[in-house]
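Letter by letter, the chains look like this.
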Amino acid sequence: MSGLAGRAAPDPAADVEPRRTFASGRVPKVVIVGGGGTGGALAHDLALRGLNVTLFEKGEITSGSTGLHAGLLHSGARYATTDRPSAIESSAENKILRRICPGSFEENDGLFVALTDDDEAYEGEFLEACWQCAVPVRRVERAAALRMEPGLNPDLRFALQVSDATMDAMRLPLRFFATARRHGAEIRPFCEVVAVTTAGSTVTGVKVRDQVAGREYEVGADVVINAAGAWAGRVAALAGVSLAVGFEAAAMVAVRGRHANMVVNRLHSPGDGDLVVPQRTMTVAGTSTFEADDPEDLRVPEGAAEAIVREVALLLPSIGRAELRSAWAAAQPVLLASGPGRRTTKAGPKAGVAGATGALVEGAPSTRTHKIRCLDHATDRTPVEGLVTVVGGDATRLRAAAEAAGDLVCARLGFDCRCSTADYVLLPHTAWYSA
Amino acid sequence: MTVRLRVSRSRAGDSKRHFDDFEANVGPGSTVLDALLDVRRRLDPSLVVRHSCRHASCGGCGVRVDGRPVLACDTRLDRRSSRPIVVEPLDGRAVVADLATDMTDFHARMDAVGLPPVRTGEPADVVPPDGVGAFSRLESCIECGLCLAACPVARTDGSFIGPAALAAAARVVEEPRGHELGPVLALAVEPDAIWRCRDAMECTAVCPAAVDPARALFGLRRRIAAERVRRLFRRAGG
């Protein structure tokens, strides 16, 4: 069934738009900076639209925030009460990803479990929000919930079933990278963009340090797309653009053993310690948010792992007795300023916009808003031509983020081309490794 | 705390490797990967190390630590020793640079078996919810290749297909999911396949994902042998 379908390889030539050219006959060249889920999906999106794509990632692909996520393909319900546009988008993407990535999911659904009076009181608001966002929900009485998941806290009041699924944080995005490369995109891991080259106020390409070969070189581009996630502020600063991208640092744990088959959420307003994602023979639980300055130096605060385990053990008591396998943290990027980025000197962002690389600052918009934002820096107060930033979203919406950015890039280049990724079945992740 | 590391270094095309010593600065409960990433962040951004999930799920950060194949993210730095911790790339495959190795050959062997990525129909003792036919889960193997790097047969002869691919074949035989078993069994009995296993069990000892390849190979071998015996008797009888 789905497992076998996942191995069916698409015909490399099928459905790919013919190579696009400018009126001069030159093929337009796009450089993507950042090899996370968004960058990978964007490389696939643009390769499918017939553009010449090169992607640079300073480490291994998916080694930033992408690989660190809990592996949740969420139904949209987690955002329903706080961020409706993202919830609606997530619900749609949940269905699309299952269709284009067969074999990548444990399609076991999820439960939002009510344990207390407060949880019960939250049900009305939650259901109303899910209904408004077209997120399907089914009420499950206590006894039925315990038949599905015998490990649940027997004191639960009831549960709400949603269409969550679990995935592999690295292998799902790998399918986008593999398919992009099959269609001619160049994917270059271990290549750090160390400078953005410009002519006047127009971006002309990037300078790259290739750590594998041990050399530096320049690559020209008609558009450079900043898809560096929590690092997007640093990349924008290379082009002299000040971009207030902060991040939310979230700790997670993995414990030994499989403590549930379904995803288990706590039915309450989104908070810490309310998510359990089973994964193969392990169980991942999260999260605990904390402040940090550097997305590359996220040390899980003392006691955070224990706090997560304590909270999720209220949902699944056996987790409280399980051996802790790992504790780690991921930086989820958040665009802090609502307006377009501002141009600063090339030396880097001005003081006061240190959020470009730092943690969330006071007065920032809701940290629970994870809208996908695409910025064309040609429309900045101090315009920079040829630079686009895509930031926000999450693992469930990597394809949607790529579609939004791809539409913007094609419009910038003057091409009228349609995104077709929602219907394109991706190569299996193993194709990434084939020569 | 400060941890001393001695890390194998090489660039693409280098015929020789050398070691660099570093002092990493890590918090309590940290792993070898945490230490390597601290080195890359503070001391040497050119250090090439492959990683993604940091919880033994992606299988990307396989290295040798003091000679033993491990996942760097799954190896705690709890031992205090005056000797530096030696970190090297996994044996038996080409080095891309520093600690990253080429996984193409490993995946080609896995691909030849074609294990479907999702297992179905387990566990049997619970009632799946409406709309979910049967609970499913991803196959346990995380394709890290530690078993192949640890296998004493594969270490001396690179042509041995190795424990991971054979354990994958055993899973296909156990749960075919529409697979034709003939080609998988034929692959398993090729000269460089299951009969080469010497039951050293190093594969199971290093497996970070509870696949237990040694047991899987034992089961597969027994099944193949039983089939052969049956065939012999059938021939003798008739």
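The rules we used
Residues numbered from 1 in each chain as written. Chains lettered and ligands numbered in written order. Predicted model: local features only at pLDDT ≥ 70, side-chain atom pairs only at ≥ 80, totals over all residues. Helix = DSSP H or I, 4+ residues; strand = E, 2+ residues; numbered from the N terminus. Buried ≥ 20, exposed ≤ 12 C-beta atoms within 10 Å, placed from the backbone. Contact = placed C-beta atoms within 7 Å. Domains from an automatic or database assignment. Nonpolar A, V, L, I, M, F, W, Y, C, P; charged D, E, K, R; others polar. Pairing = 2+ DSSP bridges. pLDDT = per-residue confidence, 0-100. Axes fitted to C-alpha atoms, helices over the stretch in contact; angles between N-to-C directions. Core = buried A, V, L, I, M, F, W, Y, C linked by C-beta atoms within 7 Å. Expected span 1.5 Å × (residues − 1). Parallel < 35°, antiparallel > 145°, perpendicular 65-115°, else oblique. Left-handed = near helix turned anticlockwise from the far one by under 90°.

## Considering the overall build of chain A
So, step 1. Of regular secondary structure, chain A possesses 10 helices and 22 strands.
So, step 2. Buried residues in chain A amount to 59% of all 435 residues.
So, step 3. Within chain A, residue pairs in contact and separated by at least 24 positions form 75% of the contacts whose partners lie at least 6 positions apart.

## What to know about the overall build of chain B
So, step 1. Secondary structure assignment for chain B yields eight helices and nine strands.
So, step 2. Reported as C-alpha extents along the three principal axes, the dimensions of chain B are approximately 70 × 50 × 30 Å.
So, step 3. For chain B, the proportion of its 238 residues judged to be buried stands at 47%.
So, step 4. Nonlocal contacts in chain B, meaning residues at least 24 apart in sequence, comprise 59% of its contacts between residues at least 6 apart.

## Comments concerning the domain arrangement of chain B
All names here are of chain B.
So, step 1. For chain B, the assigned domains read domain 1 (2-101) and domain 2 (104-237).
So, step 2. Just the C-alpha atoms count here: the centres of domain 1 and domain 2 sit 29 Å apart.
So, step 3. Across the boundary between the two partners, domain 1 contributes 13 residues, which contact 15 residues of domain 2.
So, step 4. Residue contributions to the side of domain 1 that touches domain 2 peak at three residues, all from strand β4 (residues 68-71).
So, step 5. Grouping the amino acids of the side of domain 1 that touches domain 2 by side-chain chemistry returns six nonpolar, four polar and three charged.

## Focus on the environment of A:Asp45
Residues and elements named next belong to chain A.
So, step 1. Note that aspartate 45 resides in helix α2 (residues 37-48).
So, step 2. Exposure remark for aspartate 45: the 28 C-beta atoms within 10 Å place this residue in the buried category.
So, step 3. Sequence-wise, aspartate 45 and arginine 99 are 54 residues apart; in three dimensions their C-alpha atoms are separated by 16 Å.
So, step 4. Each residue touching aspartate 45, except ones within four places of it in the same chain, is listed here: Ala402, Glu403, Gly406, Cys419 and Thr421.

## Regarding the environment of A:Val284
So, step 1. Its place among the elements puts A:Val284 in strand β18 (residues 282-290).
So, step 2. Setting aside chain neighbours within four positions, we find A:Val284 in contact with A:Ala70, A:Gly71, A:Met252, A:Ala254, A:Val277, A:Gln279 and B:His55.

## As for the sheet that holds strand β8 (residues 165-167) of chain A
Residue and element names in this part refer to chain A.
So, step 1. Across the sheet, three strands lie side by side as β3-β8-β4; this open sheet has antiparallel pairing. Both edges of this open sheet fall to β3 (72-73) and β4 (105-106), since each of them pairs with a single strand only.
So, step 2. For β3 and β8, the ladder comprises two bridges, and the chain directions are antiparallel. Each bridged residue has a counterpart across the sheet, and for leucine 72 the counterpart in β8 is threonine 166.

## Topic: the confidence of the model for chain A
Residue and element names in this part refer to chain A.
So, step 1. Predicted confidence across chain A gives a mean pLDDT of 89, with 89% of residues reaching 70 or more.
So, step 2. Low pLDDT, under 50, characterises residues 1-9; the predicted model gives this stretch 22 contacts beyond four residues in sequence or across chains.
So, step 3. Taken as a whole, residues 338-367 scores under 50 in pLDDT and shows 69 contacts with residues more than four places along the chain or in a different chain.

## Regarding the interface of chain B and chain A
Buried accessible area, meaning the area lost when the parts come together, often serves as the stated size of an interface.
So, step 1. On the chain A side, the residues contacting the 45 residues of chain B number 46 residues.
So, step 2. For the side of chain B that touches chain A, the secondary structure elements donating two or more residues are β6 (95-97), α2 (104-113) and β9 (136-138) of chain B.
So, step 3. With five residues, α2(B) is the largest single contributor of residues to the side of chain B that touches chain A.
So, step 4. Its residues assigned to classes, the side of chain B that touches chain A shows 23 nonpolar, 14 polar and eight charged.

## What about the sheet that holds β18(A)?
All names here are of chain A.
So, step 1. A sheet is described by the order of its strands in space; here eight strands give the open sequence β6-β7-β5-β16-β17-β18-β15-β19, paired in mixed fashion. With partners counted over all chains shown, the strands left at the sheet margins are β6 (138-141) and β19 (324-335), one partner each. Taken pair by pair, the neighbouring strands of this sheet meet at an average axis angle of 25°, ignoring direction.
So, step 2. Across four bridges, the pairing between β6 and strand β7 (residues 158-162) is antiparallel. If you follow glutamate 141 over to β7, its bridge partner there is phenylalanine 158.
So, step 3. Sheet strands in contact with helix α9 (residues 304-312) are β15 (245-256), β17 (275-279), β18 and β19, and its direction is about 120° off that of β18.

## Looking at the environment of A:Ile187
Residue and element names in this part refer to chain A.
So, step 1. Assignment of secondary structure puts isoleucine 187 in strand β9 (residues 186-188).
So, step 2. Between the C-alpha atom of isoleucine 187 and that of arginine 84, which follows or precedes it by 103 residues, the distance is 34 Å.
So, step 3. Other than its neighbours up to four places away in sequence, isoleucine 187 contacts Ala43, Leu55, Ile61, Phe177, Ala180 and Arg181.

## Section: the pairing of β4(B)
Residue and element names in this part refer to chain B.
So, step 1. Two elements, strand β3 (residues 62-65) and β4, share four bridges in a ladder whose sense is antiparallel. If you follow valine 65 over to β4, its bridge partner there is arginine 68.
So, step 2. If you look at the hairpin formed by β3 and β4, you'll find two residues sitting between the two strands, and aspartate 66 has a positive phi there, around 50°.

## A look at the nonpolar core
So, step 1. Counting 212 residues, the largest nonpolar core has A:Val33, A:Ala43, A:Ile225, B:Leu166 and B:Ala169 as its most contacted members.
So, step 2. The greatest single-element share of this core, amounting to nine residues, is contributed by β15(A).
So, step 3. Residues contacting B:Ala169, with those up to four places away along its chain left out, are B:Val113, B:Val184, B:Leu187, B:Ala188 and B:Leu220.

## Considering helix α10 (residues 398-413) of chain A
Residue and element names in this part refer to chain A.
So, step 1. Given a rise of 1.5 Å per residue, 16 residues ought to cover 22 Å, and the 22 Å separating the end C-alpha atoms of α10 matches this to within 8%.
So, step 2. When α10 is considered as a whole, its buried residues turn out to be Leu398, Arg399, Ala400, Ala401, Ala402, Glu403, Ala404, Ala405, Gly406, Val409 and Cys410.
So, step 3. Once α10 finishes, glycine 414 follows within two positions and takes phi at roughly 85°, a positive value.

## Thoughts on helix α7 (residues 171-182) of chain A
All names here are of chain A.
So, step 1. Along its 12 residues, α7 runs 16 Å from first to last C-alpha, staying within 8% of the 16 Å computed at 1.5 Å per residue.
So, step 2. Of all 12 residues that make up α7, 12 are buried, and the element is covered over most of its length.
So, step 3. When α7 is considered as a whole, its buried residues turn out to be Arg171, Leu172, Pro173, Leu174, Arg175, Phe176, Phe177, Ala178, Thr179, Ala180, Arg181 and Arg182.
So, step 4. Where α7 ends, the next residue or the one after it, glycine 184, has phi of about 100°, a positive value.

## Structural notes on the confidence of the model for chain B
So, step 1. Of the residues in chain B, 97% have a pLDDT of 70 or more, and the chain-wide mean is 93.
So, step 2. ipTM for the predicted complex: 0.95, alongside a pTM of 0.93.

## Examining the packing of α2(A) against α10(A)
All names here are of chain A.
So, step 1. Viewed as axis vectors pointing N to C, α2 and α10 meet at an angle of 55°, and their least axial separation amounts to 8 Å. The angle between α2 and α10 falls in the class oblique. Judged by the twist between their axes, the crossing of α2 over α10 is right-handed. Contacts between α2 and α10 pair Gly37, Thr38, Ala41, Leu42, Asp45 and Leu46 from the former with Leu398, Arg399, Ala401, Ala402, Glu403, Ala405, Gly406 and Val409 from the latter.
So, step 2. Per-class residue counts for the contact of α2 with α10 are eight nonpolar, three polar and three charged.

## Examining the pairing of strand β16 (residues 263-266) of chain A
All names here are of chain A.
So, step 1. Burial of β16 is two-sided: the residues Val263 and Asn265 facing one way and the residues Val264 and Arg266 facing the other way are all buried.
So, step 2. Alignment of strand β5 (residues 110-114) against β16, held across four bridges, turns out to be parallel. In the strand pairing of β16, phenylalanine 112 is matched with asparagine 265.
So, step 3. As paired elements, β16 and β17 share two bridges and run antiparallel to each other. In the strand pairing of β17, valine 264 is matched with valine 276.

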